[in-house]
Amino acid sequence: KKFSYLIKTVCTSKILFKNLESHNSFPDFGSKEDWRVKCNQIPKKKSSKTFKEFILKNFEFKQISNFPGLLTGYYEPIINVSHKKNELFKFPILKKNAVYNNKTRSFIERNFKNDDVILWTDNSINLFFLHIQGSGIGEFEDGKRVKVKYDGNNGLSYTSIGKILIKRKYLKKNNVNLFTIKDWLKENPKISKDIMNLNERFIFFSYDSKTNSQPTGSSGAHLLPNYSIAVDKKIYPLGLPIFIDFLKDKSIIPSISLDTGAAIVGPNRADLFLGQGRLAEKKAGILKEKIFLITLIPRVVK
């Protein structure tokens, strides 16, 4: 059912057809016409056996590299917000302004304009991870919520503070994840800000009241929890169906390339969107699996 859902989603979406032939990989993943032909041949019967036979007969599998890569996870965090600044809510969530282009995180935090503040939050570490995730949910003290949406960045490179903490021997490589990084930052307030500022990339946001909508990936499409992945856009066109092959247990799950990320680089590197809130955070925070990415390509009869 998951595989049939994957292909039907690809076929009904315009994302792949929009990006396929303009991507530098063309024609490695097929042409628009090849995909249209196969999409029109999708069996109406919904049995998994019928669909598996259809896939094997009509598609080929392509693996770019034999070197395993890494699957991580991302999610929409929930953070506390306020319209007004006070002693608790003193960390700004900023809207996009060209004056911040190519300015570092530390510069922006010291020199932001109050007119550019869309909301205030109460925790600098949670705000930092909102920047890492790219979107989230803001919750007011009365329980009302707003969608906090990605609206651009300052144009500087992303730096993983996890790698910095390993290099400086603050954390061990086999014990680095979202939660151990957060704990370390909380336990080391005197230097945590300096560590976070080593990631100079700064994210800007907008917000609206439609909190039930899924976040939008760089493809322009809504992200589907447990299906949508961020990939290296230099290698894969957006909208492409991709199977994630886990080295550990040889299991395979279907996904669609609908997003990109500054840290997502390489042929077998992906970031799986896991949804919204605490449970999604728990899953994403510990997800680190060795994988291969296997794409589907229409089988063309010559």
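Throughout, a residue's number is its position along its own chain's written sequence, starting from 1. For this predicted model, a pLDDT threshold of at least 70 governs which residues receive local features, and a threshold of 80 or more governs which side-chain atom pairs are given and counted, while totals over whole chains, interfaces and linings are taken from all residues. Only hydrogens and water are set aside when side-chain values are computed; all heavy atoms of the structure are taken into account.

Enquirer: Would you explain the state of the cysteines in this entry?
Expert: Any covalent bond linking the sulfur atoms of two cysteines counts as a disulfide. Two cysteine sulfurs form a disulfide in these notes if their separation is within 2.5 Å. This model, assessed by the stated rule, comprises one disulfide. Paired by a disulfide, Cys11 and Cys39 hold their sulfur atoms 2.0 Å apart. Taking the torsion about the sulfur-sulfur bond, which here is approximately -80 degrees, the covalent link between Cys11 and Cys39 counts as left-handed. Taken together, the residues Cys11 in helix H1 (residues 2-12) and Cys39 in helix H3 (residues 32-40) connect sequence positions 28 residues apart. A relative accessible area of 14% means that Cys39 is categorised as buried. Here a strand is any run of E in DSSP of at least two residues, a helix any run of H or I of at least four, and the numbering for each starts at the N terminus. Working definition: with a 1.4 Å probe on protein chains only, accessible area under 20% of the residue-type maximum means buried, over 50% means exposed, and in between means partly exposed.

Enquirer: What's the story with the sheet that holds strand E5 (residues 117-121) in this structure? I'm lost.
Expert: What holds strands together in a sheet is hydrogen bonding between their backbones, with the strands either parallel or antiparallel. Here the rule is simple: two strands pair whenever DSSP picks up at least two bridges between them. Spatial ordering of the open sheet is given by E4-E5-E3-E6-E7-E8, a layout of six strands whose pairing is mixed. At either margin of the open sheet sits one strand with a lone partner, and together these are strand E4 (91-94) and strand E8 (203-208). Geometrically, the sheet is characterised by an average inter-axis angle of 45 degrees between neighbouring strands, direction not taken into account. Across three bridges, strand E3 (residues 78-82) lies against strand E6 (residues 136-139) in parallel orientation. Looking across to E6, one finds that Ile78 is bridged to Ile137. The axes are straight lines fitted to the C-alpha atoms, using for helices just the contacting stretch, and the angles between their N-to-C directions are given from 0 to 180°.

Enquirer: What should I look at first to understand the packing of aromatic side chains in this one?
Expert: Each aromatic ring pair is described using two quantities: the centre-to-centre distance and the angle formed by the ring planes. In summary, the pairing rule links any two rings of Phe, Tyr or Trp, Trp by its six-membered ring, whose centres are within 6.5 Å, and it sorts them by plane angle into stacked for under 30 degrees, edge-to-face for over 60 and tilted for everything else. By the definition in use, this model includes 11 aromatic pairs. Ring centres of Phe54 and Phe59 lie 6.1 Å apart, and the angle between their planes is 75 degrees; this geometry places the pair in the edge-to-face category. An identical accessibility class is assigned to Phe54 and Phe59; each is buried. Arranged with centres 5.5 Å apart and planes meeting at 85 degrees, the rings of Phe128 and Phe129 form a pair that is edge-to-face. Just as Phe128 is buried, Phe129 falls in that class too. Every member of this aromatic cluster is reached through a ring pair, and the members are Trp35, Phe51, Phe54 and Phe59. Directly above the ring of Phe129 sits Lys182, whose terminal nitrogen or CZ lies 5.4 Å from the centroid. Either the NZ atom of lysine or the CZ atom of arginine qualifies as a charge over a ring when it sits within 6 Å of the ring centre and within 35 degrees of the ring normal.

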